[in-house]
Amino acid sequence: MSLPAVNPTTTKAWKKLAQHFAEIKEVKMQEMFEEDPTRAKRMAIEWQDFYVDFSKNRVTDETLSLLLELAEEVGLKEAIEAQFNGVKINQTEEREVLHTALRDFEDMKPEIAETLQQMKRFSEAIINGKRKGYTGQPITDVVSIGIGGSALGPDMVTEALKYYKNHLNIHYISNVDGDHIVETLKELDRETTLFILVSKTFTTQETLTNSNTVRRWFLEEAPETEIHKHFVVISANAEAVRKFGISPENIFPVWNWVGGRFSLWSAVGLSVCCAIGYTNFEALLKGAHEMDDHFRRKDFSENIPVILALLSVWYNNFFEAETEAFIGYSQYLTKFVPYLQQTVMESNGKNVDRNGDNINYQTGTIVWGGTGTNAQHAFFQLIHQGTKLIPADFVVFTESLHGKTEHQDMLLANCLAQTEALLQGTYKNETENPFRSFSGNKPTNTILVKKLTPGALGRLIAIYEHKVFVQGIVWNIFSYDQWGVELGKKLTKKTLDSIRKKKAQ
Ligand code: F6P
């Protein structure tokens, strides 16, 4: 069994959507709201602590039902089941895609449960100071070394859940640029620093180079026999890790059926676990699992990831929008966009379909964005008055963690006011001055979440993971491989050889 492979443009729904688009592309959302006072209420999904308002989109009931027809015609239901049931849907790498299994506490594979226990024991010993450095001092700093999926997810979550953080200082080193590592090491003490080396393949140039550099740095003062107190590795390549000099009890497994950009839920998240403690880490996983259940079981018409994905397809393939924005109204979400960029763009930036044929329609969206309210004073001008259509997701937590109500009221007001301004423009307050007029009619989704808890963050991340998958299914591409990163890696090796040869002359 494999994924259905339907060219979306050949479906009946697509043809109907194309015709429907021609009819409604000029219709203004302002009028849609005037004509239907129930619109805001109807086009929203309330689920747990989430309220997803998708009424401010350039869609009618007919658009939505045609998009849902499209989802049926491309075999989305079947594809979702194939993923959850462990079919090798990552066909080009011959792998299952089971990051959802990492957070399924109801039916957990023994090796996952065992690894979670290993993470729990380890992080607790680091946090409570029982596991000490080579001079007998407790660990104060944890440095996670990894790149791409082995860094972006954990780094983003550590930042997002800073409120729940303990006394440990957590650092991430990813770039092969030596300046990154030098700046980080400057602040650190060998006696109290733990290094977590994260690389699923343990072949990634950046991570291996940085790992070797920190190893040398450590050995400048510490004896080789003490490496085991300061270095642990997360990898699927135990053989290569052992060669690096790490003993088996310091290796945490990650499996081939966990894609790098979906791996924060595995031992790749050990730095998160150290930062916020195992209980909070487990709550994050459980939150994501609740979203997995929603995604798998809810009717598509009330299914948050499915609706968000289909709306994005609508803009990407019919309105020809080139990009979409994510605006998190929370300082804690500052690292969400770079994380999302890898999840979305490494997954869906593909130009060959599941039959191996070249694609003649648009696939992966370009995702960008920032943090509200800062972004309002930076790039919002272009969203409001520029010539490009930029659908945007606005995410905001209704309760502040620190109880700063004065700030929180302003934050919320800004978020809601922006979506309103983007919708209405100066429609009702016409102005003579062309420079001061706003056309409005700019699409947004507003995702209101009660509070930034570990569980809520898990649910939020899982929404976007599933959105990516749905879009990949609609576009008939393989979302879980990333062959596009390989050519550059090969050429770097060649170029490096010639740089080294020249230097040796
Ligand atoms: O080069 C891209 C990539 O393969 C990502 O998909 C992955 O997240 C990252 O590199 C890191 O890979 P690894 O964990 O094997 O070092």
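**Observations regarding the packing of aromatic side chains**
Reasoning step 1: Scanning the model with the defined rule gives 28 aromatic pairs in all.
Reasoning step 2: With 5.8 Å between their ring centres and 55 degrees between their planes, tryptophan 47 and phenylalanine 50 make a pair best called tilted.
Reasoning step 3: On the basis of relative accessibility, which here comes to 11%, the residue tryptophan 47 falls in the buried class.
Reasoning step 4: Residue classification places phenylalanine 50 among the buried residues on the basis of a relative accessible area of 1%.
Reasoning step 5: Ring geometry for tyrosine 329 and phenylalanine 394: centres 5.7 Å apart, planes at 20 degrees, overall stacked. Taken together, the positions of tyrosine 329 in strand E8 (residues 323-329) and phenylalanine 394 in strand E10 (residues 392-397) put the pair 65 residues apart, joining distant regions of the chain.
Reasoning step 6: According to the relative accessible area criterion, tyrosine 329 is buried, its value standing at 0%.

**Some points on the nonpolar core**
In globular proteins that are soluble, nonpolar side chains generally tend to be buried together.
Reasoning step 1: Trp314 and Phe336 are the most contacted members of the largest nonpolar core, which has 122 residues in total.
Reasoning step 2: Counting residues per element, this core draws most heavily on helix H18 (residues 454-474), at twelve residues.
Reasoning step 3: Each of domain 1 (8-96 + 284-485) and domain 2 (104-276) contributes no fewer than three residues to this core.
Reasoning step 4: In this view, phenylalanine 336 contacts Met156, Phe326, Leu460, Ile461 and Tyr464; residues no more than four positions away in its chain are not counted.
Reasoning step 5: Leu185, Leu197, Phe202 and Val233 belong to the second-largest nonpolar core, a separate cluster that totals 21 residues.

**Brief notes about the site of the ligand**
Reasoning step 1: Around the ligand sit 14 residues in total, of which Gly149, Ser150, Ser199, Thr201 and Thr204 are the nearest.
Reasoning step 2: In the environment of the ligand, an oxygen atom lies 3.4 Å from a nitrogen or oxygen atom belonging to the side chain of glutamine 342.
Reasoning step 3: In the complex, the protein chains occlude 87% of the 390 Å² of accessible area that the ligand would expose alone.
Reasoning step 4: When the residues that make up the shell around the ligand are grouped by side-chain class, the tally is two nonpolar, nine polar and three charged.
Reasoning step 5: Looking at which domains feed residues into the shell around the ligand, each of domain 1 (8-96 + 284-485) and domain 2 (104-276) supplies at least three.

**Quick word on the pairing of strand E6 (residues 231-235)**
Reasoning step 1: For E6, the tally of buried residues reaches five of five residues, placing the bulk of the element in the interior.
Reasoning step 2: The alternating pattern of E6 places Phe231, Val233 and Ser235 and Val232 and Ile234 on opposite faces, both of which are buried.
Reasoning step 3: Direction of pairing for strand E5 (residues 193-198) relative to E6: parallel, over a ladder of four bridges. Pairing of leucine 197 across the sheet is with valine 233, part of E6.
Reasoning step 4: Two strands pair when backbone bridges link them, and E6 and strand E7 (residues 251-253) are joined in this way by three bridges, in the parallel orientation. Paired with valine 233 across the two strands is isoleucine 251, which belongs to E7.

**Structural notes on the domain arrangement of the protein chain**
Reasoning step 1: Along its sequence, the protein chain is carved into domain 1 (8-96 + 284-485) and domain 2 (104-276).
Reasoning step 2: Taken over C-alpha atoms, the centre of domain 1 sits 33 Å from the centre of domain 2.
Reasoning step 3: With 32 residues of domain 1 at the contact, the number on the domain 2 side is 24 residues.
Reasoning step 4: Counting across the domain 1 and domain 2 interface gives two salt bridges.
Reasoning step 5: Here arginine 261 ties to glutamate 346 by a salt bridge, and the two come within 2.9 Å at their closest N and O atoms.
Reasoning step 6: Among the secondary structure elements, those contributing two or more residues to the side of domain 1 that touches domain 2 are helix H13 (278-297), helix H15 (336-348) and H18.
Reasoning step 7: When the residues that make up the side of domain 1 that touches domain 2 are grouped by side-chain class, the tally is 14 nonpolar, ten polar and eight charged.

**Some details on the side chain of histidine 171**
Reasoning step 1: Along the chain, histidine 171 turns up in strand E4 (residues 169-173).
Reasoning step 2: For histidine 171, the side chain forms a polar contact with the side chain of aspartate 141, separated by 2.7 Å.
Reasoning step 3: Those residues in contact with histidine 171 that sit more than four places away from it in its chain are Asp141, Val142, Val143, Ser144, Thr184, Glu187 and Leu188.

About the cut-offs
Residues numbered from 1 in each chain as written. Predicted model: local features only at pLDDT ≥ 70, side-chain atom pairs only at ≥ 80, totals over all residues. Heavy atoms only, no water. Phe/Tyr/Trp six-rings, centres within 6.5 Å; stacked < 30°, edge-to-face > 60°. Buried < 20%, exposed > 50% of the residue type's maximum accessible area, 1.4 Å probe, protein only. Helix = DSSP H or I, 4+ residues; strand = E, 2+ residues; numbered from the N terminus. Core = buried A, V, L, I, M, F, W, Y, C linked by side-chain atoms within 4.5 Å. Domains from an automatic or database assignment. Contact = heavy atoms within 4.5 Å. Near = heavy atom within 4 Å. Polar contact = N/O pair within 3.5 Å; in protein donor to acceptor, adjacent residues only side chain to side chain. Areas by Shrake-Rupley, 256 points an atom, 1.4 Å probe, with all protein chains shown as cover. Nonpolar A, V, L, I, M, F, W, Y, C, P; charged D, E, K, R; others polar. Pairing = 2+ DSSP bridges. Salt bridge = Lys/Arg side-chain N within 4 Å of Asp/Glu carboxyl O.

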